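# Analysis of the macromolecular model
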Amino acid sequence: MVGRVKRILDDLGRDVTYRSIARAYTVSTGDVVETPTDYTVRASPLYNVDFRYVDSDIVRIDDSVIIIHSSALGFTPARADRLVIGGDTWNVIDVRRHDWMDTPVAWELILRG
């Protein structure tokens, strides 16, 4: 299953930039400094969020979803990271892990543009 998902994303997906944002708080100034690190990953096409996910707290009906393979990143995607797709920057609002037999297969990222 893991290999099958990767093959589908490789065949039908497209390259996007996953931007991991490291944040550091400076006590003396009270500033939060963001340091981005970019990773090129293969991802599904964007699609609309399923209304079942809408909770009016975190996920909204106008959000979008994208799927990346679990091996695309060497870490767990995080809320407040970003994706750059075709020059447009999207904020990661929520992250959902999909497993098969206790093995991570894919990350489903809820995005807001």
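What you are looking at is a predicted structure, and each value in this text was computed from that prediction instead of being measured.

### Let's talk about the overall build of the chain
Check the secondary structure of the chain and you find one helix and seven strands. For the chain, the proportion of its 113 residues judged to be buried stands at 33%. Taking all contacts inside the chain whose residues are at least 6 apart in sequence as the whole, residues at least 24 apart take part in 54%. When the accessible area of the chain is evaluated, it comes to approximately 6900 Å², of which 51% is carbon and sulfur surface. A distance of 3 Å separates the average location of the 14 positive side-chain charges in the chain from that of its 17 negative side-chain charges.

### Observations concerning the packing of aromatic side chains
Counted according to the given criterion, the structure contains two aromatic pairs. Through successive ring pairs, a cluster of aromatic residues spans Tyr-18, Tyr-39 and Phe-75.

### What to know about the nonpolar core
The nonpolar side chains of a soluble globular protein tend to be buried with one another. Ranked by internal contacts, the top residues of the largest apolar core, which has 14 residues, are Val-16, Ile-66, Ile-68, Leu-83, Ile-85, Leu-109 and Leu-111. Those elements giving two or more residues to this core turn out to be strand 1 (14–25), strand 2 (32–43), strand 4 (64–69), strand 5 (82–85), strand 6 (88–100) and strand 7 (103–112). Counting five residues, the second-largest nonpolar core is a separate cluster that includes Val-59, Val-65, Ile-93 and Ile-110.

### Regarding the pairing of strand 2
When strand 1 meets strand 2, the two strands line up antiparallel, connected through 12 bridges. Residue pairing in the sheet places Asp-15 in a bridge with Arg-42 of strand 2. Hairpin geometry of strand 1 and strand 2 is characterised by an intervening segment of six residues between the two adjacent antiparallel strands and by a positive phi of about 80 degrees at Gly-30.

### Re the pattern of salt bridges
Note that side chains of opposite charge can pair when their charged atoms are close. The final tally for this structure, using the stated rule, is 10 salt bridges. Glu-34 is the partner of Arg-23 in a salt bridge, and the nearest nitrogen-oxygen pair spans 3.5 Å. Of this pair, Arg-23 sits in strand 1 while Glu-34 sits in strand 2, placing them 11 residues apart in sequence. Across the salt bridge formed by Asp-62 and Arg-60, the nearest N and O atoms sit 3.3 Å from each other.

Criteria and thresholds
Residues numbered from 1 in each chain as written. Predicted model: local features only at pLDDT ≥ 70, side-chain atom pairs only at ≥ 80, totals over all residues. Heavy atoms only, no water. Helix = DSSP H or I, 4+ residues; strand = E, 2+ residues; numbered from the N terminus. Buried < 20%, exposed > 50% of the residue type's maximum accessible area, 1.4 Å probe, protein only. Contact = heavy atoms within 4.5 Å. Areas by Shrake-Rupley, 256 points an atom, 1.4 Å probe, with all protein chains shown as cover. Lys, Arg positive; Asp, Glu negative; His and termini not counted. Charge placed at Lys NZ, Arg CZ, Asp CG, Glu CD. Phe/Tyr/Trp six-rings, centres within 6.5 Å; stacked < 30°, edge-to-face > 60°. Core = buried A, V, L, I, M, F, W, Y, C linked by side-chain atoms within 4.5 Å. Pairing = 2+ DSSP bridges. Salt bridge = Lys/Arg side-chain N within 4 Å of Asp/Glu carboxyl O.

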